[in-house]
Structures are given as C-alpha cells and as structure tokens.
Amino acid sequence: MPHIAAFSLLVPDYDEAIAFFVDVCDFELTEDRDEGRKRWVTARPRGGESSIVLARADTDEQRAALGNQLGGRVGFFLHTDDFARDHARMTAAGVVFHEEPRHEPYGIVAVWEDPWGNTWDLLQPASV
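About the cut-offs
- Residues numbered from 1 in each chain as written.
- Predicted model: local features only at pLDDT ≥ 70, side-chain atom pairs only at ≥ 80, totals over all residues.
- Heavy atoms only, no water.
- Buried < 20%, exposed > 50% of the residue type's maximum accessible area, 1.4 Å probe, protein only.
- Helix = DSSP H or I, 4+ residues; strand = E, 2+ residues; numbered from the N terminus.
- Pairing = 2+ DSSP bridges.
- Polar contact = N/O pair within 3.5 Å; in protein donor to acceptor, adjacent residues only side chain to side chain.
- Salt bridge = Lys/Arg side-chain N within 4 Å of Asp/Glu carboxyl O.
- Core = buried A, V, L, I, M, F, W, Y, C linked by side-chain atoms within 4.5 Å.
- Contact = heavy atoms within 4.5 Å.

Draft legend 1. Fine view of the pairing of strand β5 (residues 76-79). Side chains F76 and L78 of β5 all project onto a buried face; the interleaved residues F77 and H79 project onto a face where none is buried. Direction of pairing for β5 relative to strand β9 (residues 119-125): parallel, over a ladder of four bridges. Its bridge partner being in β9, F77 is matched across the sheet by D121.

This is the structure in structure tokens:
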C-alpha cells in the first residue's frame, strides 16, 4: 500500500472545522461537496497526500465521541519543516498547546489540541 488516502475526524459543524483547519492550520480545502443531508468535506496539509474527511457528528454516539476519538491519547501527528514558524502562527491564532516545545532525539515537538479536544503533535522531524 503506497499511503493512507484519508481518515475521518468527527466535528460538530462543517464550516467551523473548515475555518479551523484552513485558516488556523493552513491546510488546503480539497473538497466541499453537498450531498443532500450531508457534505463531503476534505482538507489536507499543503503539499500533503493524506486528507482529513471532516465528518459532521450526526448521532448521539458520534457527538459523545467529539474530542475523544482516541481515548485521550495523542492520535494525530502534524509534521512541519519549520516548527518555530508554525508554532508561532498557531499560537497567535489561539491554538492551545499543552506544553512548551521540546527537543527530542526524533525532533522538535509540542502537543496541542483542536477546538474539540483531540490532541495532536506538531512535529519537526530531526531529519528535516
């Protein structure tokens, strides 16, 4: 298998999620198609291959999973080629970081959360 094409992320509202990922995280909106009762919305980091399917939570079970889709673990890993630039941009836009940036053998990293409470790593790999 060459790569993961997409994965779903439950969000409460399509437009709110688009605004966060496009305006705050600087992703590109790759699709926004009205399919009647729902929309097919995808976004991905600029130049990336894998997309996030922004899936509106429609059921009580899905709404209960918002922000805890991975049981409280860091489950998403956003790589950058310039940690300082992206950390500063995201912080200025109001993104909540759980820690100060730290230098690890594998790179510079800090845990942050999206508006729904899912935790992510912002990571500049040591090889960059």
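So, next bit.
Draft legend 2. Region of the structure containing helix α1 (residues 14-24). Turning to α1, its buried residues are Y14, A17, I18, F20, F21 and V24. If you check the start of α1, you find a side-chain oxygen 3.1 Å away from the backbone N of D15, and it comes from D13. The positive-phi residue at the C-terminal boundary of α1 is D26, with phi of around 65°.

Draft legend 3. Quick look at unusual backbone geometry. Its identity is not glycine, yet D26 carries a phi of approximately 65°, on the positive side. Within the secondary structure layout, D26 lies in the loop between α1 and β2 (27-34). Taking the relative accessible area as the measure of exposure, D26 reaches 34% and is therefore partly exposed.

Draft legend 4. Geometry of the pattern of salt bridges. Taken as a whole and assessed by the stated rule, the structure comprises 14 salt bridges. A salt bridge links R44 to E28; the shortest N-O distance between them is 3.1 Å. Residue R44 is located in strand β3 (residues 39-45), and its partner E28 is located in strand β2; the two are separated by 16 residues in the primary sequence. Taking the relative accessible area as the measure of exposure, R44 reaches 26% and is therefore partly exposed.

Draft legend 5. The arrangement of the nonpolar core in detail. Grouped together as the largest cluster of nonpolar side chains are 25 residues, with contacts concentrated most on F20, F21, L54, W112 and W120. Put simply, the parts of the chain that give this core at least two residues each are β1 (6-11), α1, β3, β4 (51-56), β5, α3 (83-92), β8 (107-113) and β9. Element by element, the count of residues in this core is highest for α1, at six residues. Excluding residues within four positions of it along the chain, F20 makes contact with C25, V95, W112, D114, P115 and W116.

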